[in-house]
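Secondary and tertiary structure notes
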Amino acid sequence: MFLSCGDALYDVFPGESASSGEITLNATVGGSPLNVAIGLARLGNPTGYLTANSKDALGQKLAAHLESNGVSTDYLAPSDLNTSLALIALNEHGHPSYSFYLEGCADVSLSQAQCPDPSAFKAISLGSYSTVVEPCASTLEWFAGQARDHALIAYDPNVRPSIQPDPAVWQAKVDRLGKLAHVMKLSDEDIAFLAPNSSIEEYAKHCLTLGPQWVFVTQGGEGSQVFGKDGQHFSVKAPKISVKDTVGAGDTFQAAMIHEIFQQGGPSKLADLDAERVCLFASHAAALTCERVGADLPTRQAIQERWSL
């Protein structure tokens, strides 16, 4: 069983209205790690999701959405707190900006007592705001530490400055979770926020000193790179597509990355990983998501039919 952990919220998109005093809202289940769980399941992996989930109507709908996508809800911890919300605005290029409403909400309240047995999982993915907002942040760090000796730990900081604007807070968490992670995935935007005076290569090499075997870096339409602990470096060009929006693209890369790592043998084979192949598969999976509106992550069949990988 794979397990993704963390955010459980709704992405709220403002719509057009005829009146200047009104706004229409369209909401969809979201959250970066939740998208990763759905992505893993759609790629054919037994997957669960760990979060504290509200008992309110939104939380019930969220659980039903996970189930309908083949994700186990056995690890959702019921909560009396409200469901978190993220208000999303898209610019003319389809890139999103976020305003979060999550103070005192369910998903950031996760405690150690609500966590399952860490030994039940062979891969654990974590990241985004749930790794910097307490008490969830400390809980997930503890959980990853308990699991790392027998499970692949895949960490994607997925920085959200609108939640925590201090780069030092995020960097401190990168330094801590990087020591637990076997693989890390960051975007070029993450790196620009965390270390504006560092190049992608310099920052990736810093991350490698923390302990991961591989560090993957996504660069949107410019493609992706991967850096290895033993000095390896590969670059993969992004496929040429017509972008609808980029919501969920990074989450797709994370899910596809984990999937392909296990296609090649999992944690025990990390030193011999064909990391360029991982980048290629994950990049093409993310491209499919970008051809769709919203975080609509692809199935394995859809990737094969579109790209013949």
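Right, let's walk through the structure included here. Since we're looking at a predicted model, the values are computed, not measured.

So, about the overall build of the protein. Helices and strands together make up the secondary structure of the protein, namely nine helices and 14 strands. A globule of 309 residues ought to have a C-alpha radius of gyration of about 19 Å, and the protein, at 18 Å, matches this closely. Viewed in the frame of its principal axes, the protein has a C-alpha envelope of about 55 × 45 × 40 Å. By sequence separation, contacts in the protein at least 24 residues apart represent 69% of the contacts at least 6 residues apart. As presented, the protein carries roughly 13000 Å² of accessible surface, and 49% of it is formed by carbon and sulfur atoms. Of the charged side chains in the protein, 20 are positive and 34 negative, and the gap between their average positions amounts to 6 Å.

Turning next to the sheet that holds strand 2 (residues 9-15). Taken together, the four strands give an open sheet; going across it, the order is 3-2-7-8, and neighbouring strands pair in mixed fashion. Of all the strands in the sheet, just strand 3 (24-30) and strand 8 (96-101) have a single pairing partner and so form its edges. Going across the sheet, the axis of each strand differs from the next one's by a mean of 30 degrees, ignoring polarity. Relative to strand 3, strand 2 runs antiparallel, the two being bridged by seven bridges. Within strand 3, the position partnered with Pro14 by the bridge is Leu25. Most of the contacts of helix 2 (residues 57-68) go to strand 2, to which it runs at about 105 degrees, and overall it touches strand 2, strand 3 and strand 7 (84-90).

This part is about the nonpolar core. Ranked by internal contacts, the top residues of the largest apolar core, which has 51 residues, are Leu50 and Ile124. Sorting elements by how many residues they give to this core places helix 6 (residues 200-210) first, with six residues. Setting aside residues up to four positions removed in sequence, Ile124 forms contacts with Leu3, Cys5, Phe143, Ala147, Leu152, Ile153 and Ala154. The next biggest cluster of nonpolar side chains, apart from the first, holds 32 residues, and it includes Ala275, Val278, Phe281 and Ala285.

Our next topic: the pattern of salt bridges. With the rule as written, the count across this model stands at nine salt bridges. For Asp80, the salt bridge is made with Lys55, and the minimal N-O distance between the two is 3.2 Å. In this pair, Asp80 sits in the loop between strand 6 (76-79) and strand 7 while Lys55 sits in the loop between strand 4 (47-54) and helix 2, placing the two residues 25 residues apart along the sequence. Judged by its relative accessible area of 66%, Asp80 is exposed.

A separate point is the packing of helix 8 (residues 275-290) against helix 9 (residues 300-307). In the contact formed by helix 8 and helix 9, the axes pass within 10 Å of each other and the chain directions differ by 95 degrees. In terms of orientation, helix 8 and helix 9 fall into the roughly perpendicular class. Side by side, helix 8 and helix 9 meet where Arg277, Phe281, His284, Ala285, Ala287 and Leu288 of the first sit next to Arg300, Ala302, Ile303, Arg306 and Trp307 of the second.

Let's shift gears to helix 6. All buried positions along helix 6 are accounted for by Ile200, Tyr203, Ala204, Cys207, Leu208 and Leu210. Mapping the buried residues of helix 6 onto a view down its axis gives an arc of 145 degrees, with all of them on the same face. Of the surrounding secondary structure, the elements contacted by the buried residues of helix 6 are helix 4 (167-177), strand 11 (183-187), helix 5 (188-194), strand 12 (214-218) and strand 13 (224-228). Gly211, located one to two residues past helix 6, shows a positive phi value of around 145 degrees.

Attention shifts here to the packing of helix 7 (residues 249-263) against helix 8. The geometry of helix 7 relative to helix 8 is characterised by a closest axis approach of 8 Å and an angle of 145 degrees between their N-to-C directions. Considering how the two elements wind past one another, helix 7 and helix 8 form a crossing that is right-handed. Here helix 7 contributes Ala249, Thr252, Phe253, Ala256, Met257, His259, Glu260 and Ile261 to the contact with helix 8, which in turn contributes Arg277, Val278, Cys279, Phe281, Ala282, Ser283, Ala285, Ala286, Thr289 and Cys290. For the contact of helix 7 with helix 8, the residue count by class is 12 nonpolar, four polar and two charged.

The subject of this paragraph is unusual backbone geometry. With omega at 5 degrees, the peptide bond leading from Glu134 into Pro135 counts as cis. Relative to the assigned elements, Pro135 resides in the loop between strand 9 (123-127) and helix 3 (136-147). A positive phi angle, near 70 degrees, is found at Ser128, a position not held by glycine. If you trace the backbone, Ser128 turns up in the loop between strand 9 and helix 3. Even without being a glycine, Asn158 presents a positive backbone phi close to 45 degrees. Mapped onto the fold, Asn158 is located in the loop between strand 10 (152-156) and helix 4.

Criteria and cut-off values
Starting afresh in each chain, residues are numbered from 1 along the sequence in its written order. The model is predicted, so local features are restricted to residues of pLDDT at least 70 and side-chain atom pairs to those at 80 or more, both for listing and for counting; the totals for chains, interfaces and linings are taken over all residues. Values reported for side chains reflect all heavy atoms of the structure, with hydrogen atoms and water molecules removed beforehand. Strands are runs of DSSP state E lasting at least two residues, helices are runs of H or I lasting at least four, and both sets are numbered from the N terminus onward. What the globule rule says is 2.2 Å times the number of residues to the power 0.38, and the radius of gyration is computed from C-alpha atoms. It only takes one pair of heavy atoms within 4.5 Å for two residues to be counted as in contact. The Shrake-Rupley method, run with a 1.4 Å probe, gives the accessible areas here. Residue values count only the displayed protein chains as cover. When charges are counted, Lys and Arg contribute as positive and Asp and Glu as negative, whereas His and the chain ends are disregarded. To locate a charge, take NZ of a lysine, CZ of an arginine, CG of an aspartate or CD of a glutamate. Strand pairing requires that DSSP identify at least two bridges connecting the strands. Each axis is a line fitted through C-alpha atoms, taken for helices only over the stretch in contact, and angles between the N-to-C directions span 0 to 180 degrees. As used here, the term nonpolar core means buried Ala, Val, Leu, Ile, Met, Phe, Trp, Tyr and Cys residues forming a set that is joined through side-chain atoms within 4.5 Å. Think of it in three bands: with a 1.4 Å probe and only protein chains considered, a residue is buried below 20% of the maximum accessible area for its type, exposed above 50%, and partly exposed in between. Within this document, salt bridges are pairs made up of a side-chain nitrogen of Lys or Arg and a carboxyl oxygen of Asp or Glu, the two lying within 4 Å of each other. Should an angle lie under 35 degrees it is considered roughly parallel, over 145 roughly antiparallel, and from 65 to 115 roughly perpendicular; all remaining angles are considered oblique. In this context, the arc is that of the directions from the helix axis out to the C-beta atoms. Definitions for this section: a left-handed crossing has its near helix turned counterclockwise from the far helix by less than a right angle. A right-handed crossing has that turn clockwise. Throughout, the ten residues Ala, Val, Leu, Ile, Met, Phe, Trp, Tyr, Cys and Pro are labelled nonpolar, Asp, Glu, Lys and Arg are labelled charged, and all others, Gly among them, are labelled polar.

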